[in-house]
Amino acid sequence: MATFSTTATVDDPRVLLGDDGVLPPVRGGGGDDGFGLPDYATRLRRARLGLLVALTPVLMLFVSFSSAYVVRQGLPTLDPRTNTLVRDWIPVTLPKLLLINTGVLILSSVFMELARRQIKGQATRVPPASASEVSAGDQTRIPWLSMTIVLGLAFLFGQWAAWRQLAANGFYVATTPSSSFVYLLTGTHAIHLMGGVLALFVAGIASLLRRSVATRSIVVDVTAWYWHFMAGLWIYILCLLEFAS
Amino acid sequence: MATHEIAAQESHAHAAPQGFIRKWVFSLDHKVIGLQYYFLALAAVFVGMFLSLLMRIHLIWPTATLPLLGDIRPETYLTLVTMHGTIMVFFVLTTAPQGGFGNYFLPIQIGAPDMAFPVLNMLSFWTTFLGFVVMIAAFFVAGGAPLHGWTGYAPLSALQSAGPGEGLGADLWIISIAIFCIGALMGALNFITTTLDMRAKGMTMMRMPLTCWAWFVTAILGLLAFGVLLSAGILLLMDRNLGTSFFVPLVTVNGQLTGHKGGSPLLWQHLFWFFGHPEVYIAILPAMGMCSQLLSVFSRKPIFGYKAMVYAILAIGFLGFMVWGHHMFMSGMSPYTAFAFSIMTMAIGVPSAIKTFNWLGTLMRGRIRFASPMLFAIGFVSLFVSGGISGPFLAQPVLDIQLHDTYFVPAHFHLIMGVASIFGIFAATYYWFPKMFGRMMSESMARWHFWFSFIGTYAIFMPMHYLGMAGMPRRYAQMTEVSYLLHLIPLQKFITYAAFVTIAGQLIFVVNLFWSMFKGPKASDNPWEATTLEWTTATPPPHDNFGGHTPVVHNGPYEYSVPGAPRDYVMQSDPEIKAAH
Amino acid sequence: MGLILLIVIWLITIASTYFFIAKTWWLPAGASAAAAGIDHHFTTTFILMGIVFVAAQVSLGALVWIYRERGSSSSKVDYSHGNTKLEIVWTILTTLLFVGLNLMSSSIWASERFRAAEANAVRVEVTGMQFAWYFRYPGPDGKFGATNPELEDASAGGEAALGLDPKDPASKDDVVTGTMVVPVNREIEVILRAHDVIHSFFIPTMRFKQDAVPGLAIHMHFTPIETGDYEILCAELCGLGHYKMHGMLKVVSQEEFDKWLAAREAEKQ
């Protein structure tokens, strides 16, 4: 077994276990086969746990923006000219296009879920087929993953178009505090969604990169949950901007 | 291609990587990554110490001209203050204990072959490194580094015209912190997933060493807090560069309107301190875990009250999110809100006190060995008590009226973060050096280092309490303008001289560290006769930590002096002697 | 080594405690009505926390010496994982100490901050800007006139620095000074404002500190009880001139104050 050392040379890694010198069993039971590659179930569980953990700071980012939004809305500021406190919140009329984009995103979530189940079925099929067999086209297989990517890109394009509409109505980033928040919240969401699109793209071309279907399935699974979270987050943002004004 | 071939390709390398780049630069091995973080922090602490040295010199000799650097103007002093604080808090205190030792030893102490996501781990280090590069770059751009303090209060930090360094330098400062946030979040992800999902058989949560509990809770704090800091940084960048007014009301700088209106400076403070308070617990918790570990090992006695220690760590973490307003008692925040935050702040003193009692309880009726790691652990307890005692003063708003923004505050946080936490890093270095490098550090040099540091830091920071009581404000470049400050200059001189001596003493540590790496006496696998899993494996550990064997855990982490055992320590993986835990 | 640790820890404890007890460098003498109560609470906190400090450090030093490892005929180590009863006891005691201290101070805080200034308080508007303090008195009409940021001109000092709007009739009689003059034994209401960045209005002898935040007008009050000249400092980092942004508070008798104010108001006619 190759050893890792900096200065001391240790030819033969030993494991100390007290006086009796008996080695523990190699398999600990459960998903981990000693220190070999963990099995699919373990890898999936670990990846999903990682995603759950990763979503927490994303959530905190938007919670933080939301609290800034609520505070800023209600905040009176001192008008030095009159020495009185005034509120300067002017609500923005959101472009109707955002509703269409919402529909696109929800549909993409549906496709995403279908893609997730599709590749999961391929990964857990018994007996395990070779990667090349799996990626060869099944005649009735619908390319849910590609369709999700297309809809995701359509959503992002739609958001950009909505920004153009806002600008045409005179609402830029710094026009009013309310417009600042519209750009901020939609822009941050879009950046995060773009990350999801990239992950799907990598999963999509992964067969070209010679990744196993098990690995691709895990990537798609994790990205799918991320995608659904992004869809839910978008609906929340839309409601915040529309109703909490 | 056959499935098994692909699996072998994809498996996180059980075979050690070949080639310099894969082995040392873009390594996926948590041990190498831990060392990378450690040395990054070492570089950062030298920069930070140098900045503080210049600060101390300027305070007592404001008109001095230094070789190479020339005169230090008041704005330069404030730049030193800002960058010293920022570099120390982020790139030393949040990097070395967690990214350094946590990365290296969390997987080994829980019996795992590596972190859950090794590629992410590698990326987290290089992201942090990039953040450091961007931070240092701020010194060299037009206008220089910012002068708004590590706390970056708006509008001072939000207006390019508010002072020298508030141009591109301030933008780079924010961007560097944003990059750091992302690196820290990636790291937190790994720590949490690894702790929850990769513990070896028999390693229940309540058998984990307290170091692992500390790293775990620290990672949770980071997970919840860094996102908020990132959000604040984004809003600040927008105010600075896109003309938004999140934090800036209608203001004039030098008589010029800035174009902002309606924003709230207090909003920045709320967002910043919602991160900032958990951040200081991020800085201290790993050191507390280390102290618990070492007091037990070197008293040859189980830690007093393991369960209470775990609950205390959890309580500190939880309550740490509820006290941020105690930084804002004088900010214009509602006095009723101040009262609420004040009660919560006093509450958080309780778990810290419990930990202190338990440390003393561990020493009592033990058999204490004064090895170098133990000296620093004992020093940690003393310094933590000293720094902690000033907390209840600041936590009471009515006393904070007098003490806020005076030297009493840096006295408090330096004793805890700037000394006690650093002692945790020193202690961990002396303790784990043999395991990491296969050699022992020099004990006699370590003792010199300890005495210089222990006495020196008390000499620096204890007098700052007196300065604060007497009304010396923070962040004053000079004491020459206010008449009642003049009689405090001798005390400042004493502090500066103490700083010279203490910083010089740190060279002993550096020499010891690097000399021992190459020339120190060879270390055995368990030179301290400790029980936790890292001491069951080879020195240094093999690539997959345990040489192909998964450890199975039978005992708790602090089984010292077990009655009836053949030796005064029982390894966690020893199946023959099952202690009560 | 245990003995040396004990000696050093005890010496550091004795030395630092000495300087606190001897008050070698201490709070400046209080000159406001609130100072006595605040200082009394300082003392209470010092005594209680001082006892904890000394007890903890003395114990630490003693423990590392008494329980040092002595030779191979080792003393018996107490194989104990703790004592739950003891944990509960000291948790409760600590909680009582900390929460008790806090509740004691909260009554002082409430009396200072939970109420607005009295109706007959002397009102002074305090404005901080990089890097000076200006003070404005409302004049005989009792009203502060309007200010306009576009009219600010710091180089012209006084009214122009504040951007006083001459078009507002209420601003004609406003008195603007660079020194704060107030009568003794009267409640002073300060209205804190800032033009550019956050400053903080700190009068150590009055036990008074409050941030001046742009976008806000913060009302606070204090009652000076001794005549004299007292330094005002800026206590929030505000830029390169932060260290020299200071002013002077002159507390004078009611008679002197009336005379001084009348003279300044007369200048405005």
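Now for a description of the structure that goes with this document.

### Quick look at helix H5 (residues 95-110) of chain B
Residues and elements named next belong to chain B. An ideal rise of 1.5 Å per residue puts 22 Å on 16 residues; H5 measures up with 21 Å between its terminal C-alpha atoms. Of all the bends found along H5, the most pronounced is centred on Gly102 and spans about 55°. Burial of H5 is extensive: 16 of the 16 residues sit out of reach of the surface. Just downstream of H5 lies Gly111, where phi reads positive at about 85°.

### Regarding the interface of chain B and chain C
Listed by partner, the interface residues are 112 residues for chain B and 91 residues for chain C. Put simply, Arg369 of chain B and Glu69 of chain C hold a salt bridge, and the shortest N to O gap is 3.4 Å. Where chain B packs against chain C, one counts 30 residue pairs in polar contact (both at pLDDT 80 or more). Broken down by element, the side of chain B that touches chain C gets its largest block of residues, 15 residues, from helix H11 (residues 335-363) of chain B. Class assignment of the residues belonging to the side of chain B that touches chain C gives a composition of 73 nonpolar, 26 polar and 13 charged.

### Focus: the sheet that holds strand S5 (residues 188-194) of chain C
The pairing of strands in a sheet happens through backbone hydrogen bonds and is either parallel or antiparallel. All names here are of chain C. Here 5 strands make up an open sheet; going across it, the order is S3-S2-S1-S5-S8 and the pairing mixed. If you trace the sheet from one side to the other, it starts and ends with strand S3 (175-177) and strand S8 (218-222), each paired once. Sheet twist, expressed as the average angle between the axes of neighbouring strands with direction ignored, equals 25°. Of the pairings in the sheet, the one linking S5 to S8 comprises 5 bridges and is antiparallel in character.

### Side note on the pattern of salt bridges
Under the definition given, this model contains 25 salt bridges over all chains. Glu75 of chain B is paired through a salt bridge with Arg73 of chain B; the nearest N and O atoms lie 3.0 Å apart. Taking the relative accessible area as the measure of exposure, Glu75 of chain B reaches 15% and is therefore buried. Here the salt bridges share partners, and the residues they tie into one network are Arg300, Arg367, Arg369, Glu529 and Asp568 of chain B together with Glu69 of chain C.

### A look at unusual backbone geometry
Following Ala154 of chain B, the chain continues into Pro155 of chain B via a peptide bond in cis, with omega recorded as 0°. Along the chain, Pro155 of chain B turns up in the loop between helix H6 (118-137) and helix H7 (168-197). Residue Phe131 of chain C is reached from Gln130 of chain C by a cis peptide bond, and omega for that bond is 0°. For Phe131 of chain C, the location among the structural elements is in the loop between strand S1 (122-129) and strand S2 (132-137). For Asn254 of chain B, which is not glycine, the phi torsion reads 55° and is therefore positive. Mapped onto the fold, Asn254 of chain B is located in the loop between strand S3 (252-253) and strand S4 (256-257). A positive phi angle, near 50°, is found at Arg207 of chain C, a position not held by glycine. Here Arg207 of chain C lies in the loop between strand S6 (199-203) and strand S7 (208-212).

The rules behind each value
Residues numbered from 1 in each chain as written. Chains lettered and ligands numbered in written order. Predicted model: local features only at pLDDT ≥ 70, side-chain atom pairs only at ≥ 80, totals over all residues. Heavy atoms only, no water. Helix = DSSP H or I, 4+ residues; strand = E, 2+ residues; numbered from the N terminus. Expected span 1.5 Å × (residues − 1). Bend = angle between axes of the 7 residues up to and from the residue. Buried < 20%, exposed > 50% of the residue type's maximum accessible area, 1.4 Å probe, protein only. Contact = heavy atoms within 4.5 Å. Salt bridge = Lys/Arg side-chain N within 4 Å of Asp/Glu carboxyl O. Polar contact = N/O pair within 3.5 Å; in protein donor to acceptor, adjacent residues only side chain to side chain. Nonpolar A, V, L, I, M, F, W, Y, C, P; charged D, E, K, R; others polar. Pairing = 2+ DSSP bridges. Axes fitted to C-alpha atoms, helices over the stretch in contact; angles between N-to-C directions.

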